[in-house]
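# Survey of secondary and tertiary structure
Here is what each chain is made of, one letter per residue.
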Amino acid sequence: MAEVLRASQTDVVTLQMQLDVDPYGFERPDDFDYESYDDFMSNYLGILSRRAKKWEDLLGMEKSVKKGTKVKRYIRKGIPREYRGLVWMEVSKAQDLKDADPDLYSTLLSMPIPPEIVESIKIDIPRTFPDNIYFKVDSLDGKRQPLYNVLVAFAQKNPSVGYCQGLNFIAGILLLITEDEETTFWLLRILVEKILPDYYTKDMMGLLTDVEVLGELVRLKVPKVHEHLVSHDVTWALVASKWFICLFAEVLPVETILRIWDCLYYEGSKILFRVGVTLIKKNEEKILAAKNFPDIISVLKSITGDPLVTDCHLLMQAIFKEPGSFPRSLISRLRAQCRVKVQKQKEELKS
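Residues numbered from 1 in each chain as written. Predicted model: local features only at pLDDT ≥ 70, side-chain atom pairs only at ≥ 80, totals over all residues. Heavy atoms only, no water.

## Section: the pattern of salt bridges
Under the counting rule described, the total for this entry stands at twelve salt bridges. Between Arg339 and Asp198 there is a salt bridge whose closest N-O contact spans 3.5 Å. Here Arg339 is found in helix H20 (residues 328-350), whereas its partner Asp198 is found in the loop between helix H10 (181-195) and helix H11 (205-221), with 141 residues between them in sequence. Connected through salt bridges with shared partners, the residues Arg84, Glu255 and Asp262 form a single ionic network. (Salt bridge = Lys/Arg side-chain N within 4 Å of Asp/Glu carboxyl O. Helix = DSSP H or I, 4+ residues; strand = E, 2+ residues; numbered from the N terminus.)

What follows is the structure in structure tokens.
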């Protein structure tokens, strides 16, 4: 089984490289570093094959999974592509939501749609991954209509959120992985309603709070960088808002995004802090070497293109090692403090 899987994965990668498109349909830029990617994949394919066999044994005939120490360890090492939708649905409890209301998705799509929602979504559909063959208007296996359906159904179910920019990228990745719009709808719901509450509301209080929490964690874990940014009036909103609003979907390689999301669906939003702090910590010297505001911003934008992020396996090992402990009590305390700070800033802007 492992040998067959390894061979098939190798064939897929070879074919995609010939087409200048990755296995998920993203076109490679003209300056794509094939040599480094080849070096990474030659090792990673073996890892994928071994993990696939372990997951096959774990899931068994019933193809179900329950939370536990072993499952957590397996998830941190990566879920095989063919099992991602199933495992994400199970460990996040999205499957329980679906089972409790199995006709919800079709019902939502049959309802009248507010014109303003239709307009907002239609504007963003063409902007969603223009470098992906499945989101191009002429794609034979196009994802534009399924993406529209998912975003409309979500907006109908969550009128307080409606449609928020950033959701199109998240739903787009989910569609590429699950290849099923209804599964994508339920996974999007669990992210927005349970894992990331208040991220996509009109005031984005949860998102802005967590951006400030990241800053506090950097202050604790990488104090020199924190001092450097403060001394040059670089706010954490400038650094991390884009990272968090799209859950790294616009800034990191897709395989790396998926490994992060494996843990996000199991462990929750704390994983976003681990990734952020690790990227800062790994690029500490480069950030400190930048001596003015424009240079600091330029360096911070460039760290998501660091060679480390291409090797998703090494990056995931680093995020659970480099930053050290992230106790839930610490995160809760920082969130409470930062929420007060964000609310105060909002009030000052109004006055």
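Once you've had a look at it, read on.
## A look at the confidence of the model for the chain
Averaged over all residues, the pLDDT of the chain equals 89, while 94% of them reach at least 70. When the criterion is pLDDT under 50, residues 1-18 qualifies, and its contacts beyond four places in sequence or with other chains add up to 23 contacts. (pLDDT = per-residue confidence, 0-100. Contact = heavy atoms within 4.5 Å.)

## A short note on the packing of aromatic side chains
What the rule picks out here adds up to 14 aromatic pairs. With 6.4 Å between their ring centres and 70 degrees between their planes, Phe244 and Phe248 make a pair best called edge-to-face. Across the pair, Phe248 and Phe244 agree in class, each one buried. Ring pairing ties together the aromatic residues Phe26, Phe129, Phe135 and Phe169, which thus form one cluster. Note that Arg28 overlies the ring of Tyr37, its terminal NZ or CZ placed 4.8 Å from the centroid. Taking the ring centre of Tyr266 as reference, the NZ or CZ of Lys67 above it sits at 4.7 Å. (Phe/Tyr/Trp six-rings, centres within 6.5 Å; stacked < 30°, edge-to-face > 60°. Buried < 20%, exposed > 50% of the residue type's maximum accessible area, 1.4 Å probe, protein only. Lys NZ or Arg CZ within 6 Å of the ring centre and 35° of its normal.)

## Focus: the environment of Phe135
In this structure, Phe135 sits in the loop between helix H7 (115-124) and helix H8 (144-157). Taking relative accessible area as the criterion, Phe135 reaches 1% and is therefore assigned buried. Considering only alpha carbons, one finds Phe135 and Gly60, 75 residues apart in sequence, at a separation of 35 Å. Each residue touching Phe135, except ones within four places of it in the same chain, is listed here: Thr128, Phe129, Lys143, Arg144, Leu147, Gly172 and Leu176.

## Overview of helix H17 (residues 293-302)
Taken as a whole, H17 has its buried residues at Ile296, Ile297, Val299 and Leu300. Considered in projection along H17, the buried side chains sweep an arc of 165 degrees and stay on one side of the axis. For H17, exposure combined with an orientation more than 90 degrees from the buried face picks out Pro294 and Lys301. In this structure, the buried side of H17 is in contact with helix H12 (223-231), helix H13 (236-245), helix H15 (270-282) and helix H16 (284-289). (Arc of directions from axis to C-beta.)

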